[in-house]
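The residues making up each chain are set out below.
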Amino acid sequence: MTTQPRPRRAPSGAAVLREDITDSLRAAVFEELAVSGYGRLSVEAVARRAGVGKTAVYRRWPSKLELVIDAVSAVASLRIPVPDTGSLLGDVRILLKILSRALRHPLAAQIVPDLLAEAARNPEIAQTLEKALRDTQRDITSQVFGRAVERGELPAAEPADGADAPGADLALDLLTGPLYWRMTVLRAAPTPAYLDELAATVVATLTGRA
């Protein structure tokens, strides 16, 4: 008589990774980055800020680098609503307001410049930041400018161009470049009038009326 093998059970000592602790650790990473920067950030400080032992960190990430990359990637995966006001100008205005609020956040104001400096020395961080700061935003602007094409506000791209929408990359540069320069380099807050003027300039440039 043959016996059926018993189903395998997880080892009694296997750790169950609680999602709430993972979220707390990710939040602690950004707070520590804002205070200490990447160079001085330590796993011990992150764990202490999250109220857990450092073994909780190492169960999830093998190193500080992996911890930071995961935290940044998690933020990058968050989707913001794509504006659809019915006009290109209206959509661009909303995008600029969203971007300015994000850059005005105290954590972002401290973390982004520090990580960009670190990216010059670390290819893995550079790749993660490119995805976090460009790829996600590019998808949003592609949708916004794709709708503008459908409404006839922008010309359709030629099939040979291979572009998602005309001026998608240029539009992203025009949207983010002036804001980043003004808010991160000059440390000047954009006024509503400035955002309106910038939105009109971006639209005029992309529609050939500049």
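None of these values were measured; they are calculated from a predicted model. (Residues numbered from 1 in each chain as written. Predicted model: local features only at pLDDT ≥ 70, side-chain atom pairs only at ≥ 80, totals over all residues. Heavy atoms only, no water.)

J.: Even after reading the chapter, I still don't get helix α7 (residues 123-151), so can you show me in this structure?
T.: Working note: α-helix, 3.6 residues per turn, so residues spaced by three or four point in the same direction. Here α7 is 29 residues long and its end C-alpha atoms lie 41 Å apart, about the 42 Å a rise of 1.5 Å per residue gives. Three or more residues of α7 are buried, namely Ile 125, Thr 128, Leu 129, Ala 132, Thr 136, Gln 137, Ile 140, Thr 141, Ser 142, Val 144, Phe 145 and Ala 148. One side-chain oxygen of the residue at the start of α7 lies 3.0 Å from the amide nitrogen of Glu 124, identifying that residue as Asn 122. (Helix = DSSP H or I, 4+ residues; strand = E, 2+ residues; numbered from the N terminus. Expected span 1.5 Å × (residues − 1). Buried < 20%, exposed > 50% of the residue type's maximum accessible area, 1.4 Å probe, protein only. Polar contact = N/O pair within 3.5 Å; in protein donor to acceptor, adjacent residues only side chain to side chain.)

J.: Can you walk me through empty space enclosed by the protein in this structure?
T.: What the rule picks out here adds up to 1 cavity of 30 Å³ or more. Approximately 30 Å³ is the volume found for the largest cavity. Taken together, Val 68, Ile 69, Val 72, Leu 115, Ile 125, Thr 128 and Leu 129 form the lining of the largest cavity. Going through the elements one at a time, α4 (64-76) and α7 are the ones with two or more residues in the lining of the largest cavity. By residue class, the composition of the lining of the largest cavity is 6 nonpolar, 1 polar and no charged. (1 Å grid on protein atoms, 1.4 Å probe; cavity = no way out; pocket = protein on both sides within 12 Å on 5 of 7 lines; lining within 4 Å. Points joined across faces, edges and corners; volume = space filled by probe spheres on them. Nonpolar A, V, L, I, M, F, W, Y, C, P; charged D, E, K, R; others polar.)

J.: How should the environment of Leu 133 be read in this particular structure?
T.: Residue position: Leu 133 is located in helix α7. Residue Leu 133 is classed as partly exposed on the basis of its relative accessible area of 42%. For Leu 133, the residues in contact, after removing those within four places along its chain, are Val 112 and Leu 116. (Contact = heavy atoms within 4.5 Å.)

J.: I keep staring at the packing of helix α5 (residues 88-104) against α7 and nothing clicks. Help me out?
T.: Between two packed helices, what matters for the description is the angle formed by their axes and the separation of those axes. Relative to each other, α5 and α7 sit at 165 degrees, their axes nearing to 10 Å. Classified by the interaxial angle, the pair formed by α5 and α7 is roughly antiparallel. For α5 against α7, the interelement crossing comes out right-handed. Of the residues in α7, those in contact with Leu 88, Asp 91, Val 92, Leu 95 and Leu 99 of α5 are Gln 137, Ile 140, Thr 141, Val 144, Phe 145, Ala 148 and Arg 151. (Axes fitted to C-alpha atoms, helices over the stretch in contact; angles between N-to-C directions. Parallel < 35°, antiparallel > 145°, perpendicular 65-115°, else oblique. Left-handed = near helix turned anticlockwise from the far one by under 90°.)

J.: Whenever I open this one, the nonpolar core confuses me. Can you help?
T.: One recurring pattern in soluble globular proteins: nonpolar side chains tend to sit buried together. One finds Leu 33, Val 68 and Leu 115 to be the most contacted residues of the largest nonpolar core, which totals 26 residues. Elements with a contribution of two residues or more to this core: α1 (19-40), α2 (43-50), α4, α6 (106-119) and α7. Ranked by residues supplied to this core, first place goes to α1 with 8 residues. (Core = buried A, V, L, I, M, F, W, Y, C linked by side-chain atoms within 4.5 Å.)

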